[in-house]
Amino acid sequence: MSRYDPAAIEPKWQKAWDEALTFRADRSQDRPKYYVLEMFPYPSGRIHIGHVRNYTMGDVIARYKRSTGHNVLHPMGFDAFGMPAENAAMASGGHPKTWTYDNIDTMVDQMKPLGFSIDWSRMFATCDPDYYGQQQALFLDFLEAGLVYRKNAVVNWDPVDMTVLANEQVENGRGWRSGALVERRELTQWFFRISDFAEDLLDALDGLDDWPAKVKLMQANWIGRSRGLQFAFSTVDAPEGFDRIEVYTTRPDTLMGASFVGVSPDHPLARQLARDNPEIAAFCDECRRMGTSEEELEKAEKRGFDTGLTVRHPFDTSWELPVWIANFILMDYGTGAIFGCPAHDQRDLDFARKYDLPVRSVFVPAMGEEGTFILPEEGGPAYVPPKPETVRYVAGFAGGEAQTGDAAVEAAIGFCEENGVGQGVTRFRLRDWGLSRQRYWGCPIPVVHCDTCGVVPEKKENLPVVLPDDVSFDVPGNPLDRHPTWRDVDCPSCGAPARRETDTMDTFVDSSWYFARFTAPDAATPTDPDEARYWMNVDQYIGGIEHAILHLLYARFFARAMHLTGHLPESAREPFDALFTQGMVTHAIYRSTGADGRPEYHFPEAVELREGRAFLREGGAEVEVVPSAKMSKSKKNVVDPVEIVSQYGADTARWFVLSDSPPERDVEWTAAGAEAAHRHLARVHRIVSEAAEADSEARPGDEDLLREMHKTIHDVTQGIESFGFNAAIARLYAFTATLSKAEAGGEARRAAARTLAQLMSPMTPHLSEELWQVLGGEGLVADAPWPVADEAMMVEDTVTLPIQVNGKRRGEIVVPKDMAKDEVESLALSHHAVLKALDGGTPKKVIVVPGRIVNVVL
RNA sequence: GCCCGCGUGGUGGAACGGUAGACACAGGGGACUUAAAAUCCCUAGGCCACAGCGCCGUGCCGGUUCGAGUCCGGCCGCGGGUACCA
């Protein structure tokens, strides 16, 4: 009997699958199709243990679906454009292209030994001119369909490096390289009209039954449908053209609590005033000296500037409100102007207290619920109850005195419409998607700027517009902008000399349609209608929760836009039927304090674990253990999958990343856990090999073993179907133990062993092929039909029922499975623990849940 | 700040509202061995009068229920997202 040797068996079976083209996505047979997709990786350089977990989950599904008779599409590619390649070029002088393709080569070499059932013939990278050329064709079609337009938008501008910064490149309001204070600068940029689809993107969430509820909720909140009132305040003594200030509010019922009007520093009125008031100009400039991220804006100290102007309250023209410019009002949302009601908005209250503006409550808690309520005007916090809650209006103007916020809002809108004060409108928080990036390593936007014709789309026959190779990164900024010749082209319309657009596309564009391209990666058009109709939708999409909003929303928009432009069928407007979001792989951090008092981190290899404590191998000093931290190179708590595979084999790595944690949660990688997984696989190898050689006599334990086998088939199948991989694996551990201890004959043990090998095959495909062969299975286990549990074989005759007294467990009884309820009840009542608790009395109530529990209530 | 999650033994975790701690790691004890490794077996939430039909226990406080880790409300801590990181 040979010992378990993954180094020998894994390459052997990978070769066998390759030669048989086992995992080619093939639609020649008339079977149902199944498309499983894991979010493709960014080619950072090396695969990460998190990738292993992500792709193993997809692989389990892919292999399982193959064995249940599906034509499976399971592709892989690379999300290859983006900033890290340019950063690497700046740091070490290479070229983003070489850096990226070298990384892809390395990562493919690292992924293949893991034995994923991927159709590698479909692989592409988004930086392949063939892929981005098709993306440019999509852009032109979207442009023609009116789905793209240009407008001004603000970016983070580094005034020293003279370059645009990403939000993550802004640290505490300063450029990460130059350290200069970041400014906001306006540029003309391209936008996708995603907001036109806001309602549809929101409503269609209801149909996504196999998406996590939390993701749908996050998307719904992001899209943010709100019902409110749009109206105008008329101004007093304002500059010409500013007779009215349009505002939008979701709480028109609080109009009588208005205490000021606020406008964004980017509001036209603020800009107009800044022209001849240097103080206002200075204030607005200061507000603009801030990053563009919502987080930064929201967390910044709320500041304002009194313009000296006033507006009249719409219900009482003698009531004047001051107009302030405030740094927390976004020009992008609503009309860029609000009215502040400090009593019912904490932010407005903070603002009012800071600048000594009036506070006036509009409503108070409903009768009988006041408790220790303190009015905001008397020092209490802003009173902001949920809108469905009933409150009592003390300064209402529409609807009853006691009503819910929702009812009051509707009544207020109705009142305002009747009196010509404003209109009820539905708005969305979702903004159009700005896709322009002032960077080199991205998909060029295929348009030309001509002095006579304006913005002219490139002709499709001239696609792809290819990135030039001869660029340098020795100075900051976009190399396309300073390239000597690349910009110079003839206008596609009039033929006169013109300039190419040098902005490239947001990398989210690249990842918004790759799933469609996988269905026909070599097609001469973005998709092949026939292939798309067959393979779409993605039946199961798997990826990180960090993509819950942006990537998934953009992809949903793209699928709609691709349908409108004829690239996807109607049925693929919602491209991902089921979504699963997996957790991270974490690892302990080993930390000590260096001579300079700063933390020093140590690689796991440098540390020895004894009795739960950690010591340096070198010198033996004890180090601190910080458990379950996100892996990061700087903290030195990374685990290299290549190391794990060479040490234990791919099957061990695959088995372990699935075994210890539910897939949606984080999993902590521990060396001891991997070791144990490996020992278990070796044990399985030995037990199965023994079973293969056992004699063929029938034994009394046969029936027990086979019943356990059918129960295992049932549980493991359920586990895989419901993403309960860890539970499926726990079941397989138990069944292995049962098999090893079984007093069963050779035939039963071989049947059990064959089933075990098969049930493990999605997780440990190489070992399973090997065992399948040892047991004389026909062909490849990868091609064998999935076993089906025989329900009749699973039935147990008796069941153990816990007996509770007042909800506390006091004993248990073993009864026939189908015993009548009253019989169970009388049996339970004669249980000694119950008799003692009753002490001669009678129970108030006896609850019998058949097959579950008995609860005696005294 | 705002939106969304998560919190259970020494550790990772299991548990259709129904026996809390399955399965595994680390620990303890034992078998085999000249010895070790490997393998196998047993044990294992805490507390106590140390073994009982005992008490306590799923981040904290309160509620619903015959029964709550699970549902509801409020807090605390950690993580993800926050529109130019992917």
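Residues numbered from 1 in each chain as written. Chains lettered and ligands numbered in written order. Predicted model: local features only at pLDDT ≥ 70, side-chain atom pairs only at ≥ 80, totals over all residues. Heavy atoms only, no water.

Side note on the overall build of chain A
Scanning chain A for helices and strands turns up 27 helices and 36 strands. Dimensions of chain A, computed from the C-alpha atoms along their principal axes, are close to 105 × 85 × 65 Å. Within chain A, the proportion of its 858 residues that are buried is 54%. Approximately 38400 Å² of chain A is accessible, and the part contributed by carbon and sulfur atoms is 48%. In chain A, 89 side chains carry a positive charge and 129 a negative one; their mean positions are 2 Å apart. (Helix = DSSP H or I, 4+ residues; strand = E, 2+ residues; numbered from the N terminus. Buried < 20%, exposed > 50% of the residue type's maximum accessible area, 1.4 Å probe, protein only. Areas by Shrake-Rupley, 256 points an atom, 1.4 Å probe, with all protein chains shown as cover. Lys, Arg positive; Asp, Glu negative; His and termini not counted. Charge placed at Lys NZ, Arg CZ, Asp CG, Glu CD.)

Thoughts on the packing of helix 20 (residues 671-693) against helix 22 (residues 725-741)
The axes of two packed helices give the description: the angle between them and the distance between them. Relative to each other, helix 20 and helix 22 sit at 40 degrees, their axes nearing to 11 Å. Between helix 20 and helix 22 lies a crossing whose hand is left-handed. Contacts between helix 20 and helix 22 involve Ala 677, His 680, Val 684 and Ile 687 on the former and, on the latter, Tyr 733, Thr 736, Leu 739 and Ser 740. Grouping the amino acids of the contact of helix 20 with helix 22 by side-chain chemistry returns five nonpolar, three polar and no charged. (Axes fitted to C-alpha atoms, helices over the stretch in contact; angles between N-to-C directions. Left-handed = near helix turned anticlockwise from the far one by under 90°. Contact = heavy atoms within 4.5 Å. Nonpolar A, V, L, I, M, F, W, Y, C, P; charged D, E, K, R; others polar.)

Some points on the pattern of salt bridges
The final tally for this structure, using the stated rule, is 47 salt bridges. Note that Asp 203 and Arg 225 form a salt bridge whose closest N and O atoms lie 3.0 Å from each other. Of the two residues, Asp 203 is situated in helix 6 (residues 198-203) and Arg 225 in strand 8 (residues 225-236); the sequence distance between them amounts to 22 residues. Where Glu 401 meets Arg 392, a salt bridge forms, and the shortest distance between an N and an O atom there is 4.0 Å. Take Glu 401: its relative accessible area is 48%, and that puts it in the partly exposed class. Through salt bridges that share partners, Arg 184, Glu 186, Asp 266, Arg 271, Asp 285 and Arg 288 make up one connected network. (Salt bridge = Lys/Arg side-chain N within 4 Å of Asp/Glu carboxyl O.)

Examining the UniProt feature "domain: Methionyl/Leucyl tRNA synthetase" (unreviewed entry) in chain A
Residues annotated by UniProt as "domain: Methionyl/Leucyl tRNA synthetase" (unreviewed entry) correspond here to residues 36-171. Summarising residues 36-171: 45% helix, 16% strand, and an end-to-end C-alpha distance of 39 Å. (UniProt positions renumbered as here; feature names shortened; annotations may be inferred.)

Considerations on the sheet that holds strand 35 (residues 845-849)
The mixed open sheet is built from four strands, whose spatial order is 34-33-36-35. Among the strands making up the open sheet, the edge pair consists of strand 34 (808-816) and strand 35. For this sheet, the mean inter-axis angle between neighbouring strands, taken without regard to orientation, is 20 degrees. Strand direction decides the pairing type here: strand 33 (residues 798-805) and strand 36 (residues 853-857), joined by three bridges, are parallel. Across the sheet, the residue bridging to Ile 803 is Val 854, located in strand 36. Seen against the sheet, helix 26 (residues 821-829) touches strand 33, strand 34, strand 35 and strand 36 and runs at an angle of roughly 125 degrees to strand 35. (Pairing = 2+ DSSP bridges.)

Observations concerning the state of the cysteines
Put plainly, two cysteines are in a disulfide when a covalent bond ties their sulfur atoms together. Inspection of the entire model under this criterion finds zero disulfides. Counting only cysteine sulfurs, Cys 450 is the nearest neighbor of Cys 491, a cysteine outside any disulfide, at a range of 3.7 Å. Residue class for Cys 491 comes out buried when judged on its relative accessible area of 4%. With no disulfide of its own, Cys 494 lies 3.6 Å from the sulfur of Cys 453, the closest cysteine sulfur. Cys 494 gets classed as partly exposed once you look at its relative accessible area, which sits at 40%. (Disulfide = S-S within 2.5 Å.)

Structural notes on the packing of aromatic side chains
Evaluated as defined, the whole model comprises 46 aromatic pairs. Consider the rings of Trp 324 and Tyr 355, whose centres lie 4.6 Å apart with planes at 45 degrees: the pair is tilted. Residue Trp 324 is found in strand 12 (residues 316-326), and its partner Tyr 355 is found in helix 11 (residues 346-355); the two are separated by 31 residues along the sequence. Among the residues examined, Tyr 355 registers a relative accessible area of 22% and is labelled partly exposed. Three or more aromatic residues joined by ring pairs form one cluster here, namely Phe 40, Phe 124, Tyr 131, Trp 513, Tyr 514, Phe 515, Phe 518, Tyr 541 and Phe 576. Positioned over the ring face of Tyr 534 is Arg 27, at 4.4 Å from the centre of the ring. Cation over ring: Arg 429 sits above Trp 222, and NZ or CZ is 4.4 Å from the ring centre. (Phe/Tyr/Trp six-rings, centres within 6.5 Å; stacked < 30°, edge-to-face > 60°. Lys NZ or Arg CZ within 6 Å of the ring centre and 35° of its normal.)

Examining helix 22
Every α-helix carries 3.6 residues per turn, so stepping three or four residues along brings you back to the same face. Given a rise of 1.5 Å per residue, 17 residues ought to cover 24 Å, and the 25 Å separating the end C-alpha atoms of helix 22 matches this to within 8%. Buried within helix 22 are the following residues: Phe 725, Ala 728, Ile 729, Arg 731, Leu 732, Phe 735, Thr 736 and Leu 739. For helix 22, the angular spread of the buried residues around the axis is 155 degrees, confining them to a single face. Where the residues of helix 22 are buried, they touch helix 2 (49-67), helix 19 (650-659), helix 20, helix 21 (702-721) and helix 23 (746-760). (Expected span 1.5 Å × (residues − 1). Arc of directions from axis to C-beta.)

Some words on the sheet that holds strand 21 (residues 454-457)
With antiparallel pairing, the four strands of this open sheet are ordered in space as 21-20-23-22. Each edge of the sheet is formed by a strand with only one pairing partner; in this case those strands are strand 21 and strand 22 (488-490). Going from strand to strand, the sheet's axes swing by 45 degrees on average, the running direction of each strand aside. As paired strands, strand 20 (residues 447-450) and strand 21 are joined by four bridges and run antiparallel to one another. When the bridges of strand 21 are listed, Cys 450 appears paired with Gly 454.

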